[in-house]
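An overview of the molecular structure
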Amino acid sequence: VSLSRPDDLAIEAYRSLRTNLQFIGFERHCRVIEITSSVAGEGKTTTAANLAVVLAQAGNSVVLVDADLRRPRVHELFALGRTLGLVDNLLRQPIDLTLHPVDNYLAVLPAGRIPSSPSEMLSSAQMAGVIEELKARFDYVIIDTAPTLPVSDAIALSRHVDGVLLVAQAGRTSLAQVRLCMARFEQVSAPLLGIVLNRATQRQRRGEYGSAYGYGYESRGSYVSPPS
């Protein structure tokens, strides 16, 4: 939606998320950002894609990486078809063979083939090497990963990133699921930046502080809540 309808009201939620991340960047090194959720279907891939787009629209060079090696979807959003991708890079294929430029600022690195051992590949030294090469080329590396509760992929990858965003869908994700995800990241000292509440229906007013800050939108809204 950030590409197809850039004036949509919902895009302000993603721009607010971009601003929050940029403020975090003043306080800590935060260029490689992993995006996950508790379970499937909460909007993590949509959030990752739109965040990458609005970061690029602000003049940053950005690469969106599909590291959901179970059910990859980024290639569908950008109409790439099934092609070479991250898994091929982890098998030592050059990154130039797998990157797909969207415009002058945004590129997409799809997942590629589905491997037999995703968690091991994402925690490997090869994955760290791929991220380091992407950091040398881009201002931001946005990584979409598998949900946290069913599999350990997101936890395995968290050792290589600067920050993790957890997407939760309003009216679907339970507080217990969110707390369990946070506990799993805390167990490995992962840098959990905050929570993105997707499909929020309530409006947060300016100056209203509670368990969350930012804005909610009645259609496809999101806001960021810091972990407690």
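So, here's what we can say about the structure. (Residues numbered from 1 in each chain as written. Predicted model: local features only at pLDDT ≥ 70, side-chain atom pairs only at ≥ 80, totals over all residues. Heavy atoms only, no water.)

What the protein chain contains, in helices and strands, is 8 helices and 8 strands. Taken across its 228 residues, the protein chain has 54% of its residues classed as buried. At a minimum sequence separation of 6, the contacts of the protein chain that also span at least 24 residues come to 75%. Within the structure as shown, the protein chain displays about 10500 Å² of accessible surface, and the carbon and sulfur contribution to it stands at 49%. (Helix = DSSP H or I, 4+ residues; strand = E, 2+ residues; numbered from the N terminus. Buried < 20%, exposed > 50% of the residue type's maximum accessible area, 1.4 Å probe, protein only. Contact = heavy atoms within 4.5 Å. Areas by Shrake-Rupley, 256 points an atom, 1.4 Å probe, with all protein chains shown as cover.)

Before going further, it helps to spend a moment on the pairing of strand β2 (residues 62-67). Within β2, 6 of the 6 residues are buried, which leaves the element mostly enclosed by the surrounding structure. In β2, alternate side chains face the same way, and those of Val-62, Leu-64 and Asp-66 on one face and Val-63, Val-65 and Ala-67 on the other are all buried. Sheet topology note: the β2/strand β4 (residues 106-109) ladder contains 4 bridges and is parallel. Along β4, the bridge assignment pairs Val-65 with Leu-109. For β2 and strand β5 (residues 140-145), the ladder comprises 6 bridges, and the chain directions are parallel. Bridged to Val-63 within β5 is Val-141. (Pairing = 2+ DSSP bridges.)

Counting residues in hydrophobic clusters, the biggest one holds 37 residues, and the most contacted among them are Val-63, Val-65, Leu-86, Leu-134, Ile-143 and Leu-157. Residues in contact with Leu-157, not counting those within four places in the same chain, are Glu-34, Ala-67, Leu-122, Met-127, Ile-131, Ile-143 and Thr-145. Membership of the second largest hydrophobic core comes to 28 residues, among which are Ile-11, Ala-49, Val-108 and Tyr-140. (Core = buried A, V, L, I, M, F, W, Y, C linked by side-chain atoms within 4.5 Å.)

Per the stated rule, a full pass over the model turns up 9 salt bridges. The shortest N-O distance in the salt bridge between Glu-12 and Arg-15 comes to 2.6 Å. Pair noted here: Glu-12 and Arg-15 are both in helix α1 (residues 11-27), with a separation of 3 residues, about one helical turn. For Arg-15, a relative accessible area of 22% corresponds to the partly exposed category. Two residues, Arg-113 and Asp-88, come together in a salt bridge whose shortest N-O distance is 2.6 Å. With a gap of 25 residues between them, Arg-113 in the loop between β4 and α5 (118-122) and Asp-88 in helix α4 (residues 86-90) connect regions that are remote in the sequence. Judged by relative accessible area, which is 49%, Arg-113 ranks as partly exposed. Using a relative accessible area of 3% as the deciding quantity, one classes Asp-88 as buried. Residues joined by salt bridges that share partners form a network here, namely Lys-44, Asp-68 and Asp-144. (Salt bridge = Lys/Arg side-chain N within 4 Å of Asp/Glu carboxyl O.)

Let us look at the side chain of Ser-158. Turning to its location among the elements, Ser-158 is positioned in the loop between α7 (153-157) and β6 (163-169). Owing to a relative accessible area of 4%, Ser-158 belongs among the buried residues under this scheme. Only 2.6 Å separates the side chain of Ser-158 from the backbone oxygen of Ile-155, close enough to count as a polar contact. (Polar contact = N/O pair within 3.5 Å; in protein donor to acceptor, adjacent residues only side chain to side chain.)

Following the sequence through the fold, Asp-162 ends up in the loop between α7 and β6. Although Asp-162 lies buried, it forms no salt bridge, and the closest oppositely charged side chain, Lys-135, sits 4.7 Å away as judged by the N-O distance. At a separation of 2.9 Å, a polar atom in the side chain of Asp-162 contacts the main-chain amide nitrogen of Arg-31. (Lys, Arg positive; Asp, Glu negative; His and termini not counted.)

Burial analysis of strand β7 (residues 192-200) places 7 of its 9 residues in the buried class, the great majority of the element. The handedness of the β6 to β7 crossover, carried by helix α8 (residues 175-187), is right-handed. (Right-handed = clockwise from strand over helix to strand, strands pointing away.)

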